[in-house]
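Summary of structural features
So the chains spell out like this:
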Amino acid sequence: MINLMIKIGWIEGAIALVIGLGLLNLIVLYFRGFFRDRRFYQIFNLSHLTGESLIAAVAGLTDSFLEQGKITGFWVGAEAIFSARLVAIQSAQISIEFETYIMTPGRRADCFAVALSERARAGVKIRLIVDSFGAKSIAVSYWRNLQDLGIEVQIFNRFSWRDPLSFLKRNHRKLLLIDQQIAMVGGAGVSDQWDGLDSQKFPWLDYEIQFEGPVLKRLNSLFLQHWLDTQGMIDFAQEPTTPAQLSGSTGSALLVTPGEDPTLRSSSIRSLYQVLIQTARQRVWLASPYFLPDQNTCNILKQAQFNGIDVRILTMSENSDKPFVHNAAQESYGGLIQSGIEIYEYDRSMMHAKLVLIDHQWVSFGSANFDPRSFFQNDELNFLTQESDLVHQVTDFFTASFADSRLVSRELWKRRGFWSRLKARFWLLFYWQL
């Protein structure tokens, strides 16, 4: 009898906790304005624009800026990505600037520290920005050892009791700048996770892109803005003097979208994705691990498919670092599959790439997912280019990834169990925080 009462007490306590968390989430969302009337954006005949007119329209609609940049590297998989980063760091002669979201203890973080330490001893000026939540498992001694060598470290958005809700915002950017001559961006943090989760035989599906050119000056300015946001100090009298940009071709037009402190009404990343889909004439191939589109975006995807455009989604499967997000994401599949959109779940390991391929000429890459966090809460950084070599490489990336994925049919989607659907409904109560 006593044991039964204890079990009942535990169940009642668990139910009370769930209800309490749900109410707290609703209160937070209420005061942040998430229940206000939604405005559904409609843009007609954007795909009729071409060339400079099209990219100028995209820039204006997404608060982006245009610069010149040349793609000089594309790597897939943890080993290639981390090796390329270390080579870039070892080449630094003047400055290294790096910001990232995820950092965890392990071999990758240790190798990163060794490479930075060697360059610091050689007199290279090094600045790091790491997210307070994403790097929470890194020991204080790790940062102290770097700082003892003169490496400057700033932690983005520490928790403050004066403004607790702001802690929900994250710096999700991944940006490495070397001597203001080389930039590297992608989706990977500094973590052994990218080598594969314990249950996986293969590394995470992710990429890294390197580019050069005049755009590096603007990216340096974006980094410095974030540096100041973290209460960093900048003394321009002590800023390293960098040489002129590398000689040769400056590349092609590169559209840069800095998703800085977005809100429900003003989100550059959401606008970028929605506008890009509406420029398509032949295909929209979209990769995002955390695929949680809002209703307006779903409508835009469905309309594209209705217009005869080949719309395919590449996303994560049960081989995920966040199974609850995968569970919740599946709830949005039904209407998209019904409209003819193909959804592929990558089976070999965690799918972590964020890419959009538009027709046979545009590639969008960077840090942003197709989810409410990237749209409305995270600081992100995305790029858009027409460089043909990258278009071909990304096309091959998608083609190979689709082959290693499971196409989710409507029948398969309907066969989800009762508990799976119930859990998905529960997690969707926290949609804005997933």
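Our structure's up above, just so we're on the same page.
Residues numbered from 1 in each chain as written. Predicted model: local features only at pLDDT ≥ 70, side-chain atom pairs only at ≥ 80, totals over all residues. Heavy atoms only, no water.

**What to know about the packing of helix H2 (residues 51–61) against helix H7 (residues 268–279)**
Helix packing geometry: the angle between the two helix axes and the distance between the axes. Two elements in contact, H2 and H7, have axes separated by 9 Å at closest approach and are oriented at 155°. Compared by their axis directions, H2 and H7 come out roughly antiparallel. Crossing of H2 against H7: the hand is right-handed. Across the interface between the two elements, Leu54, Val58 and Leu61 of H2 pack against Ser271, Leu272, Val275 and Thr279 of H7. Residues belonging to the contact of H2 with H7 are distributed by class as follows: five nonpolar, two polar and no charged. (Axes fitted to C-alpha atoms, helices over the stretch in contact; angles between N-to-C directions. Helix = DSSP H or I, 4+ residues; strand = E, 2+ residues; numbered from the N terminus. Parallel < 35°, antiparallel > 145°, perpendicular 65-115°, else oblique. Left-handed = near helix turned anticlockwise from the far one by under 90°. Contact = heavy atoms within 4.5 Å. Nonpolar A, V, L, I, M, F, W, Y, C, P; charged D, E, K, R; others polar.)

**Details of unusual backbone geometry**
In the Ramachandran plot, Asp179 falls in the positive-phi region, its phi being about 55° despite a non-glycine side chain. Assignment of secondary structure puts Asp179 in the loop between strand S5 (175–178) and strand S6 (182–186). Under the relative-accessibility criterion, Asp179 is labelled buried at 10%. At Asp359, a residue that is not glycine, the phi angle is positive and equals roughly 55°. Looking at the secondary structure, you find Asp359 in the loop between strand S12 (355–358) and strand S13 (362–366). Relative accessible area serves as the criterion here: at 3%, Asp359 is assigned to the buried category. (Buried < 20%, exposed > 50% of the residue type's maximum accessible area, 1.4 Å probe, protein only.)

**Remarks on the side chain of Glu345**
On the secondary structure map, Glu345 appears in strand S11 (residues 342–346). Look at Glu345 and you get buried, because its relative accessible area is 0%. A distance of 3.0 Å separates polar atoms of two side chains, one belonging to Glu345 and the other to His326. Excluding residues within four positions of it along the chain, Glu345 makes contact with Thr315, Met316, Ser317, His326, Gln330, Tyr333, Ser405, Arg406 and Val408. (Polar contact = N/O pair within 3.5 Å; in protein donor to acceptor, adjacent residues only side chain to side chain.)

**Section: the pattern of salt bridges**
Applying the stated criterion across every chain, the model contains 18 salt bridges. With its nearest N and O atoms 3.4 Å apart, the salt bridge here joins Glu331 to Arg425. Of this pair, Glu331 sits in the loop between helix H9 (323–329) and helix H10 (333–338) while Arg425 sits in helix H14 (residues 418–428), placing them 94 residues apart in sequence. Linked by salt bridges that have partners in common, Glu79, Arg107, Arg108 and Asp195 make up one network. (Salt bridge = Lys/Arg side-chain N within 4 Å of Asp/Glu carboxyl O.)

**Comments concerning the environment of Trp161**
Mapping Trp161 onto the fold places it in the loop between strand S4 (152–156) and S5. Separated by 192 residues in sequence, Trp161 and Ala353 have C-alpha atoms that sit 35 Å apart.

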